[in-house]
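# Structure at a glance
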Amino acid sequence: MMKGRYENGNVTETGRLALAGVSHGFDGTDVLDDISLGVNPGEALAIIGPSGTGKTTLLRLVSMFDRPDEGTVEFDGTDVWTLSERERLDIRRRVGMVFQEANLFDGTVHRNVRYPLGIRQSWPDRIRNWLSGLGRRKANPVVTEHLQLVGLEDDQFRPASSLSGGEAQRVAFARALSSAPEFLLLDEPTSDLDPRNTAILEDAIDAARSRGLGVVLATHDMHQAERVADRTAVMLEGRIIECGPTEQVFTDPEDPRARKFIDGELIY
Amino acid sequence: MVESLLAVAVDSGVSSPLLVDFPYGRGAVWNIVYVSLYVSLIAVALSSLFGLTVAMLVGFNDFPGRSFVIALINTGMGFPSVVVGLVVLFAVSSEGPLGQIGFTLVFTREAMILSQFVLAAPVITGISLAAVIDVDDGVRDAAYAMGGTRLDVALTTVRQARYGIITGILAGLGRAISEVGSVLIVGGNIEGQTRTLTTAIQLEARQGRFEFALILGAILVALVLLINGLLLKVGGGRV
């Protein structure tokens, strides 16, 4: 595993899905400052840092919600914002995301998990499958497989509104995986969950990575980063101040501020 | 029951104790119901199409003057129907902007549809817009993050907001079908052509035939109940 190299005081890394020299802000306030960070298939990268340091903004840029003010978002070395909307959509569909809130849609658990499959069909197919009910039947094996991953295969036809917070987040995880993305972005996915649901989701993250997914996990839970991630980046005030193999970052960080943060001495 | 009452009145050729001075044949009553439904359902369908489009455009986009547009829509919800009738009458008269380009529609069903459209569209737009805005941003984000196109995100939002949207359509329908001022002005209450349930009720009441006016009123209420019930069924009983 390559250790990040320092450039202009910022750690720079690359990968198949990467940010290169990205700066971004809102209403005149800089949130991200010259970030270069990447992830490859089959590895889990944790981004740790205090709340408000820019982790969510970073993930939203990687997920192509917004265009960065400066720098590029790259997939296979191509700046995604130079592509047409159709081409960018194809890349977006290879990157799944789970938010801090489950954000489930009305309807059943089954409907939520099959949603990404439905929107990938052509409109004539969607209408045909909707009229015949074939779309739901076709999706059954995929829905069951991904709900098994989070231990909810017996709850497929429960209304999403009846789920507990932890169950809803597990469904959101299954939904993000059902369309077989190559990368998965997780924005504080367990911050509101109890230990049992957290453990189930961490196992699911591990299983997804074992299948070859590249995982980016933004979290303020340092122990979770230690449990889940191959590499860890420490983010402070919109900059990546430390990045490397998780064990090394936690035991021997180079940046003194990263050490203070990890030791719990840097309070924000 | 209404039909049998009418049948008694028409077939017997004499006034029943309930239906004094019954003025119409059965065909005429059906024609009044038909004109009411024809005008109101087309107006509400067009208003829904227009209102939903505007609600999505305003609800999804931030642009200069957005607050003004929302205020305008909300103001439109309270337009006095007589004023709307007057404006539409002028617009479709030979001297009005529509009349001058060939759409002279005074005392026609089309003019009535136009006036009901003007009345119902702001109601449907305003309530739908509130429902769309009320959908959690997280739902839209999730639809986008799953690989949804703009259309997918819009349709997902509409589905989430469907109870509010159906409420808006019901309110619009209620405003259109129960409205009397503007359709009287632009339609002229011509028997067999532009006479609706509301204008017929108004006429019968003015002429003192209260029983018949009440029967027409009962038909109107039954129609509104029936349509509301159908929409309630579509909305899953949560409207």
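Here is a short report on the structure shown in this document.

Parameters at a glance
- Residues numbered from 1 in each chain as written.
- Chains lettered and ligands numbered in written order.
- Predicted model: local features only at pLDDT ≥ 70, side-chain atom pairs only at ≥ 80, totals over all residues.
- Heavy atoms only, no water.
- Helix = DSSP H or I, 4+ residues; strand = E, 2+ residues; numbered from the N terminus.
- Buried < 20%, exposed > 50% of the residue type's maximum accessible area, 1.4 Å probe, protein only.
- Lys, Arg positive; Asp, Glu negative; His and termini not counted.
- Salt bridge = Lys/Arg side-chain N within 4 Å of Asp/Glu carboxyl O.
- Polar contact = N/O pair within 3.5 Å; in protein donor to acceptor, adjacent residues only side chain to side chain.
- Contact = heavy atoms within 4.5 Å.
- Buried area = accessible area lost by both parts, 1.4 Å probe.
- Nonpolar A, V, L, I, M, F, W, Y, C, P; charged D, E, K, R; others polar.
- Core = buried A, V, L, I, M, F, W, Y, C linked by side-chain atoms within 4.5 Å.
- Pairing = 2+ DSSP bridges.
- Axes fitted to C-alpha atoms, helices over the stretch in contact; angles between N-to-C directions.

Right, let's get into the side chain of A:Asp187. All names here are of chain A. With respect to the element layout, aspartate 187 can be found in strand β9 (residues 183-187). For the buried aspartate 187, no salt bridge exists, and the shortest N-O distance to an oppositely charged side chain is 6.9 Å, to lysine 55. Only 2.9 Å separates the side chain of aspartate 187 from the side chain of threonine 56, close enough to count as a polar contact. Here aspartate 187 is in contact with Thr56, Leu59, Met97, Val98, Phe99, Gln100 and Ala218, once residues within four sequence places are set aside.

We now examine the environment of A:Ser210. Residue and element names in this part refer to chain A. As for its placement among the helices and strands, serine 210 is situated in helix α7 (residues 195-210). Each C-alpha atom, one on serine 210 and one on leucine 83, is 31 Å from the other, the two residues being 127 residues apart in sequence. There is a polar contact of 2.8 Å between the side chain of serine 210 and the backbone oxygen of aspartate 206.

Often, the extent of an interface is quoted as the loss of accessible area on bringing the components together. Opposite the 25 residues of chain A that make contact, chain B presents 20 residues. Summed over both sides, the interface of chain A with chain B buries roughly 1900 Å², with 52% coming from carbon and sulfur. For chain A, the biggest contributors to the area lost against chain B are A:Arg92, A:Phe105 and A:Asp106; these three give 27% of the whole. At the surface where chain A touches chain B, the tally comes to five salt bridges. The salt bridge involving B:Asp141 is made with A:Arg60; its shortest N-O contact spans 3.0 Å. Where chain A packs against chain B, one counts eleven residue pairs in polar contact (both at pLDDT 80 or more). Of all the secondary-structure elements, those providing two or more residues to the side of chain A that touches chain B are α2 (85-92), β8 (95-98), α3 (109-118), α4 (123-132) and α6 (165-177) of chain A. When its residues are assigned to classes, the side of chain A that touches chain B shows 13 nonpolar, three polar and nine charged.

Residues and elements named next belong to chain A. One pass over the structure, following the stated rule, counts 22 salt bridges over all chains. The shortest N-O distance in the salt bridge between aspartate 90 and arginine 86 comes to 3.6 Å. A residue pair is termed a helical-turn pair when its members lie 3 or 4 positions apart in one helix, as aspartate 90 and arginine 86 do in helix α2 at four residues. Connected through shared salt-bridge partners, Arg16, Asp76, Arg94 and Glu182 make up one network.

On to unusual backbone geometry, then. Even without being glycine, A:Asp34 reaches a positive phi, approximately 55°. Take A:Asp34: it is sitting in strand β4 (residues 29-39).

Attention now moves to the nonpolar core. All names here are of chain A. If you look at the biggest cluster of nonpolar residues, it comprises 88 residues, and the most contacted ones within it are Leu58 and Phe173. For this core, the element with the most residues is α6, which contributes seven residues. Sequence-distant contacts of phenylalanine 173, defined by excluding residues within four places in its chain, comprise Val98, Leu149, Val150, Leu184, Leu186, Leu201, Ala204 and Ile205.

Backbone-to-backbone hydrogen bonds pair the strands of a sheet. The strands run either parallel or antiparallel. All names here are of chain A. With mixed pairing, the six strands of this open sheet are ordered in space as β8-β9-β10-β5-β11-β12. Of all strands in the sheet, those with a lone pairing partner are β8 and β12 (239-245), marking the two edges. When the angles between neighbouring strand axes are averaged without regard to direction, this sheet yields 15°. Sheet topology note: the β8/β9 ladder contains four bridges and is parallel. Counted as the bridge partner of valine 95 is phenylalanine 183 from β9. Packing against the sheet, α6 makes contact with β8 and β9, and its axis sits at approximately 175° to β8.

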